[in-house]
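Structure at a glance
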Amino acid sequence: MDSEIGCLIRFYAGKPHSTGSSERIQLSGMYNVRKGKMQLPVNRWTRRQVILCGTCLIVSSVKDSLTGKMHVLPLIGGKVEEVKKHQHCLAFSSSGPQSQTYYICFDTFTEYLRWLRQVSKVASQRISSVDLSCCSLEHLPANLFYSQDLTHLNLKQNFLRQNPSLPAARGLNELQRFTKLKSLNLSNNHLGDFPLAVCSIPTLAELNVSCNALRSVPAAVGVMHNLQTFLLDGNFLQSLPAELENMKQLSYLGLSFNEFTDIPEVLEKLTAVDKLCMSGNCMETLRLQALRKMPHIKHVDLRLNIIRKLIADEVDFLQHVTQLDLRDNKLGDLDAMIFNNIEVLHCERNQLVTLDICGYFLKALYASSNELVQLDVYPVPNYLSYMDVSRNRLENVPEWVCESRKLEVLDIGHNQICELPARLFCNSSLRKLLAGHNQLARLPERLERTSVEVLDVQHNQLLELPPNLLMKADSLRFLNASANKLESLPPATLSEETNSILQELYLTNNSLTDKCVPLLTGHPHLKILHMAYNRLQSFPASKMAKLEELEEIDLSGNKLKAIPTTIMNCRRVHTVIAHSNCIEVFPEVMQLPEIKCVDLSCNELSEVTLPENLPPKLQELDLTGNPRLVLDHKTLELLNNIRCFKIDQPSTGDASGAPAVWSHGYTEASGVKNKLCVAALSVNNFCDNREALYGVFDGDRNVEVPYLLQCTMSDILAEELQKTKNEEEYMVNTFIVMQRKLGTAGQKLGGAAVLCHIKHDPVDPGGSFTLTSANVGKCQTVLCRNGKPLPLSRSYIMSCEEELKRIKQHKAIITEDGKVNGVTESTRILGYTFLHPSVMPRPHVQSVLLTPQDEFFILGSKGLWDSLSVEEAVEAVRNVPDALAAAKKLCTLAQSYGCHDSISAVVVQLSVTEDSFCCCELSASGAVPPPSPGIFPPSVNMVIKDRPSDGLGVPSSSSGMASEISSELSTSEMSSEVGSTASDEPPPGALSENSPAYPSEQRCMLHPVCLSNSFQRQLSSATFSSAFSDNGLDSDDEEPIEGVFTNGSRVEVEVDIHCSRAKEKEKQQHLLQVPAEASDEGIVISANEDEPGLPRKADFSAVGTIGRRRANGSVAPQERSHNVIEVATDAPLRKPGGYFAAPAQPDPDDQFIIPPELEEEVKEIMKHHQEQQQQQQPPPPPQLQPQLPRHYQLDQLPDYYDTPL
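Quick summary incoming for the structure in this document. Just so it is clear, the structure is predicted and the values come from calculations on it, not from any experiment.

1. Re the overall build of the protein
Secondary structure summary: the protein contains 18 helices and 50 strands in total. Within the protein, buried positions represent 57% of all 1205 residues. Taking all contacts inside the protein whose residues are at least 6 apart in sequence as the whole, residues at least 24 apart take part in 55%. Surface summary for the protein: the accessible area is close to 49,600 Å², and the carbon and sulfur share equals 49%.

Given below as C-alpha cells:
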C-alpha cells in the first residue's frame, strides 16, 4: 500500500488490530555494533540493523539486512552507559548472571541522545514496578514474566488483546500469574471486553480500565475484595452489577464519561466511597432522593451532563454533601438551599438567572459565565473566602458580600455594575478585587484604610480615581486602571515620605498628560509601568531617575520625542517599549546591564548609538517603521548578533504606479520565560501578484510547532491550489496535510492556526477579490466592514454543543480545567495526534467577497482574543493609518489588559475599489499556440519559472513592515527534486525592454507589465542537513525530534538556479499544457543577487526584514551569496514524501543533466523541435487569446520543452 494512503487510513480509522512488527518499533537504524568486552581483539565493529522494540534491543546478525537471526537483549533491569572512548557510543547490558553487552556507535549526537533517553526509561524499571505504557504492544513481552514479584504494572495506551493472534504470544489472560500485583493500568487499549483474568489477582488494590470501549462489567469483579480504586471512565457503561457491593474496601469508583442516565443503586452499598464521579454522562435530571440514600457521599461531581432541573421529592436537607459540582449543564435556576452544609459550589457555564445558596458553611462559590441577575446567600456566609460571579448580568454587588468577613478574593468582572459599595473596601480580609469590564463611573470617594493588594478596574468609565486611594491603600501592590477616561492620578503621599509598596501600575488607553508623571515618584518600588496610548509629550528626566527599581516600562502610542537619559539609573530595567511615538534620538538603553527587549518601532529615529559591546542579555530589538533610519555596515553587523533584530528593508518603489489593494503589518511578543511561542506568516505576493497569504500560529507553550507551521503551510497551500479551486476544499486539505507533515513533532505537541488567503479569479476579469479564512484552535480572524466587526473564524472548545457531543462519543476524558485528557482546551487543533479522533485538525472555513466597504482584517493569536473583544480590536485600530502601528497597538493593549502569553497580531489594510478588476487592453492577435504534449514523460521536462521584475504593481507592505516570510524566496518557487536544466544564455531572438513587442498601453493592477526573460545557469552544491528550520525540536533537549528528519542524513543536490525577470501568468501556463507535477522535477529558485547587465530583483513587499530569520529567531543580514541554496536551506523542503523528510538520492533515470560540451547541440535540437510543433499545430481558439498578457514566440520564450533526448 502507498505510504501516503496508509497514513491517511490510519489517521482516520485508527490502528488495525493486526499489524506487523514494524508498528511496535520505537527506534531503529543502521549503526556500528560490537558485542562483548571492548578489550577482546576478536570482537570487531560491524554495521548492523538495531531496533528498540518494546522492552528489548534487537540486533541483526546479517550485515545490512533484516533477514537471518536476530539477537534479542532484554533491557528491563539492565543498564545503559556512555562509552567515553568512542564518540556517540553507548553500552547496552541485560540483567542477570548471564548478562550480555552490546556497544553501539551512533552517527549523530541527536540519535545518541534519543536512544539514551528511551532505553534509560526501559532499563531503569525496577523489578517490582514496570512501565510499558505507549509501547505499541499487542501482547505481553516474554521477559515481563522473568519476575513473578511485580507489584506495579503500567500497560496504558497499547494495543493489547486478551487472545493474541500469534500462538506463542502472551495475552492478558497471563496476567493472573502475577500473584503479588497491587496496581494495574490497562487504560486506552480498546479492549472491548472486560479482562476477566484480573479478577484472579487477589492482591490487586488499584485497577484502571478506562477508555477501553467496555459495555458491561462482569459479575466476577465482586471477588476482588482488596480493590480500593476502580477506574471505569470513558466507556459505554449504562449499569453496574450488584456484585460490586462485595468490594467492601472500595474507596474510589470512577464512572465519568459513560452513558448512565441515573445514579447506580449499587453505590448505596459501597459505603467506603465518599465521592460520586459521574461527570460527562447522560443525566437530564438529578433526583435528590437517590443522594439521600447515600449518606457516605460527600463530594458530588456531575459536570458536563445535560441536567436541566433538580427534583427534591420532599427531601428535607442533604446534610452530608459538602461539595457540589454542576458545571457545564443546562440549569436555568438553582435552589441549593437544600444542601445546608455545602462548602464548595461549582455552577459555571450554565444558564442560571437566579441562584439561592445556604451560607452556613460556604467557603467558595464559582458561578461565572451565566445569566445571573439575582444572587442570594442566606445566612451571611461567614466562612466565604473565594467568590467568582464574573461574566453575568449583575447590576450591583449584593449587600451580603460586604458582610462576609473572611472574603479574600472577589471577581465581579464582566457584569453591568455601576457602583461599588464603600463598605466593600472596609473589609479587612479582602485581598483581591477584580471589577473590570463594568460600568463604573466612579469608585467610593472616602476610603478608610483598606487591605486590598490587587485592584483591577480596567474597562470602566472612570474619570478619576479617589484622591486618597493610593494613600489609604498602603497594601496595594497591583493596580490596573487601563481603558478608562482618566485625566489625572491621585497622589501617593502629601509629604516627601511615602508608604507605597505599589509594584505594578497599568494605565494604558486613558487621557493622562504630563502632569501625572511627577506623581509616579511616590511609588519608589514600582517595577512595571504601562502608560501607553495616553497624551504624554515628555517624561522628565528627574522623575525617571527616582524609579530605581523599575524593570519594565511601556510608553507607546504617546507623543514623546525622547526617552530621558536618566533611565540609566534604572539598572534593573529589562524591557523598554516605546513604539508609535516621535522619538528622534536613540535612548541610552544599551547601557543597561539587564536589558532584554527594546521596541522603538514607528518613530522618527535617524541613527543608532551603540556601545562597543552589546548588553549580554539583549534578545529583541525592533527598529522597523523608522523611515529616516540609516545604519552603516558596522552597526548592522553588530546588531545582527541579536536573537531577533528587525529593521526596514529599503523599498524599491512601485514603478507601475498601480495602487496597492492590500498592505500589512505584524508583531510578535514573547510570553512567560521570554519564550516566543507564536509565529506569523505574511506573503503579500503569493503565487502571483493577485494573491496574498497571511497566517498566525500559536503553540501555547511550545516553540517548535508554530515555527514548523510558519515554514510549511504556504508550501502546502500552493500545492493544494493546483488540485482544486474550491476554497473550502483546498483550505481543509491544507490543514489535513499539515497534520501529517508535522510528523513526530505533532504527536505530543500541537498548535492553533489561522490562514487568510486573498485571491482573484483569473477566469473572471470583472470579478472581485475573495478572502478565505480557515482556523483551528483559538487563533481567529475578524474583518472590519463599514466599521463593524465581521468574525470569520470560530473557536472550537467545550462550550460548543456539537463539539462536546462529538468528544463524548469518542469517550475522551475532559479534566476539571476543561481540557481534553488534560492537554488542550481546543477540540480542533493541529498536532496532538495521540488524542485523535477526539482532537482533529479540520478547520472552520469561511469565504467572503471583498467590497469597497471592507477596511481591514485582523489575524490574532489566543492571547490577543482572550484580552480584547472583536469589537474593541476593530475600534482600536480603525483610525490607525499604518498597518504595523495598528498591529503594535493591539499587542500593547492586550499586554496592558493582563495577557501574559505570547501574542501575535497581523493587520491587513484593504483598499478595494469599484474598479478592482482587469482593465487591460489585450490584443487578440498573435497568440502563442500551445505546444503538443509530446511523447516523453514529464520526468524529463524542463521547467523555467520566471519571476517578476521591478515594474510589478504588487500590493506593498506597510511602511513599517518586517516581512517574516519574504516573497523573494517564495516557497512556491522551491522543490526538492533534482535534474532541471536551463539554457546558459538568452535565445538569440529574446526581446529587450525597449522592443516594439511591448506597445505602450494602460495596465491594471492585476496584470502589470512584464519584461523580457533572461536566464542564467549556476551549478552549485546544496547541503541539506537537519537544521532547526527543517526539524521540530523536542522541548526537553532542544534536539531534532525523531520522524521530522527520517534519517538526519546529509544530502548533496546538484541544482540549477534560473534567474529571470518575468513570471508568466497562471493561465498561460495552463494554455501551454505544463503538467502540474512538472514543477516538482527540479529546484527552481530565484537568484538572490544583482547580476551585471540585469535589472535589480523585484521587491515583492515595499518593506521587509533585512535578511532572513535564523534558527534562533533572529534576522540575518541580507547576503549577496553566490550559492543561493545556502539561503534556501532555511525553507522547508518540498517533495512528495514529506516536507520534513530528507530527500532521497534521485533515480538516475529521472535525471536529465546536459553535459556542458553538448549544450549548444541540445539548444539547436530543442529549437528545431519547437519550430516543428509550431508548424503542425493550429492557433488556439479566439476566446482564449485575450487572457494572455503578452504574446511571445516559443523560440523567444522557451517555458516548456519536450526534448527528444
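2. Examining the packing of helix H14 (residues 870-877) against helix H15 (residues 883-896)
Taken N-terminus to C-terminus, the directions of H14 and H15 make an angle of 135 degrees; their axes are 9 Å apart at the nearest point. By the angle class used here, H14 and H15 are oblique. Pair H14 / H15 crosses with right-handed handedness. Residues Ala-873, Ala-876 and Val-877 of H14 form the contact with H15, whose participating residues are Ala-886, Lys-889, Leu-890 and Leu-893. Residue classes in the contact of H14 with H15 are distributed as six nonpolar, no polar and one charged.

3. Notes on the sheet that holds strand S46 (residues 903-910)
Strand order in the open sheet made by the five strands is S36-S46-S45-S41-S42, with antiparallel pairing throughout. Lying at the two open borders of the sheet, with one neighbouring strand each, are strand S36 (662-669) and strand S42 (788-791). Between one strand axis and the next, the sheet turns by 20 degrees as a mean value, whatever way the strands run. With four bridges connecting them, strand S41 (residues 780-785) and S42 associate as antiparallel partners. Paired with Val-782 across the strands is Pro-791, a residue of S42. Taken strand by strand, H14 contacts S41, S42 and strand S45 (854-860), and its axis lies near 125 degrees from that of S45. Strand contacts of H15: S36, S45 and S46, with the helix running at about 30 degrees to S36, the strand carrying the most contacts.

4. Thoughts on a nonpolar patch on the surface
On the surface, a cluster of nonpolar side chains totalling about 330 Å² of accessible area is made up of Tyr-360, Phe-361 and Tyr-383. Relative to the elements of secondary structure, Tyr-383 occurs in the loop between strand S23 (374-378) and strand S24 (386-388).

5. Topic: the sheet that holds S23
Strand order in this open sheet of three strands is S19-S21-S23, and the pairing throughout is parallel. The open sheet has two edge strands with one neighbour each: strand S19 (333-336) and S23. Sheet twist, expressed as the average angle between the axes of neighbouring strands with direction ignored, equals 10 degrees. The pairing of S19 with strand S21 (residues 354-358) spans four bridges and is classified as parallel. Paired with Leu-334 across the two strands is Leu-355, which belongs to S21.

6. What to know about the nonpolar core
Trp-115, Leu-175, Phe-230 and Leu-355 are the most contacted members of the largest nonpolar core, which has 176 residues in total. Considering each element in turn, this core owes the most residues, four residues, to helix H2 (residues 109-123).

7. Considering the side chain of Asn-235
Within the element layout of this structure, Asn-235 appears in the loop between strand S12 (229-231) and strand S13 (252-254). The class of Asn-235 is buried, set by a relative accessible area of 0%.

8. Examining helix H9 (residues 704-723)
Compared with the 28 Å implied by 1.5 Å per residue over 20 residues, the 29 Å span of H9 between its first and last C-alpha is a close match. The largest bend along H9 measures about 40 degrees and falls at Thr-712. Counting buried residues in H9 gives 17 out of 20 residues, a clear majority hidden from the surface.

9. Description of the packing of aromatic side chains
One pass over the structure, following the stated rule, counts 11 aromatic pairs. A centroid spacing of 6.2 Å and a plane angle of 65 degrees characterise the contact between Tyr-694 and Phe-857, whose relative ring orientation is edge-to-face. A residue pair is termed long-range when its members are at least 10 positions apart, and Tyr-694 in strand S38 (residues 692-698) and Phe-857 in strand S45 qualify at 163 residues. The exposure class of Phe-857 is buried, given its relative accessible area of 0%. Following the ring pairs from residue to residue traces out a cluster consisting of Tyr-31, Phe-92, Phe-106 and Trp-115. Directly above the ring of Phe-236 sits Arg-215, whose terminal nitrogen or CZ lies 4.4 Å from the centroid. Cation over ring: Arg-828 sits above Tyr-796, and NZ or CZ is 4.2 Å from the ring centre.

10. Describing unusual backbone geometry
It is generally the case that most residues other than glycine have a negative phi and that most peptide bonds are trans. Tyr-378 connects to Pro-379 through a cis peptide bond whose omega is -5 degrees. The topology assignment puts Pro-379 in the loop between S23 and S24. Going from His-836 to Pro-837, the amide bond is cis rather than trans, its omega being 10 degrees. Located in the positive-phi region is Asn-786, a residue other than glycine, with phi close to 55 degrees. Among the secondary structure elements, Asn-786 is positioned in the loop between S41 and S42.

11. Remarks on the pattern of salt bridges
Side chains that differ in sign of charge can pair as their charged atoms come close. Applying the stated criterion to the full structure yields 32 salt bridges. The partner of Asp-301 in a salt bridge is Arg-303, with the nearest N and O atoms 3.3 Å apart. Under the relative-accessibility criterion, Asp-301 is labelled buried at 4%. Judged by relative accessible area, which is 6%, Arg-303 ranks as buried. Across the pair Arg-828 and Glu-803 runs a salt bridge, and its minimum N-O distance is 3.2 Å.

12. So, the pairing of strand S37 (residues 678-683)
Across the six residues that make up S37, a large majority, six, are buried. Side chains Val-678, Ala-680 and Ser-682 project from S37 onto one buried face, and the interleaved Ala-679, Leu-681 and Val-683 project onto a second face that is buried too. Where S37 lies against S38, six bridges are found, and the strand directions are antiparallel. By the bridge assignment for S38, Ser-682 is matched with Tyr-694.

13. Quick word on helix H12 (residues 801-809)
Along H12, the positions that sit buried rather than exposed are Glu-803, Leu-804, Arg-806, Ile-807 and Lys-808. The first or second residue beyond H12 is Lys-811, which carries a positive phi of 60 degrees.

14. Observations regarding the state of the cysteines
Enumeration according to the criterion identifies zero disulfides in this entry. Cysteine Cys-891 remains unbridged, with the sulfur of Cys-899 as its closest cysteine sulfur at 8.0 Å. According to the relative accessible area criterion, Cys-891 is buried, its value standing at 5%.

The rules behind each value
Residues numbered from 1 in each chain as written. Predicted model: local features only at pLDDT ≥ 70, side-chain atom pairs only at ≥ 80, totals over all residues. Heavy atoms only, no water. Helix = DSSP H or I, 4+ residues; strand = E, 2+ residues; numbered from the N terminus. Buried < 20%, exposed > 50% of the residue type's maximum accessible area, 1.4 Å probe, protein only. Contact = heavy atoms within 4.5 Å. Areas by Shrake-Rupley, 256 points an atom, 1.4 Å probe, with all protein chains shown as cover. Axes fitted to C-alpha atoms, helices over the stretch in contact; angles between N-to-C directions. Parallel < 35°, antiparallel > 145°, perpendicular 65-115°, else oblique. Left-handed = near helix turned anticlockwise from the far one by under 90°. Nonpolar A, V, L, I, M, F, W, Y, C, P; charged D, E, K, R; others polar. Pairing = 2+ DSSP bridges. Patch = residues over 30% accessible without salt bridge, like charges linked within 9 Å, V, L, I, M, F, W, Y side chains within 5 Å. Salt bridge = Lys/Arg side-chain N within 4 Å of Asp/Glu carboxyl O. Core = buried A, V, L, I, M, F, W, Y, C linked by side-chain atoms within 4.5 Å. Expected span 1.5 Å × (residues − 1). Bend = angle between axes of the 7 residues up to and from the residue. Phe/Tyr/Trp six-rings, centres within 6.5 Å; stacked < 30°, edge-to-face > 60°. Lys NZ or Arg CZ within 6 Å of the ring centre and 35° of its normal. Disulfide = S-S within 2.5 Å.

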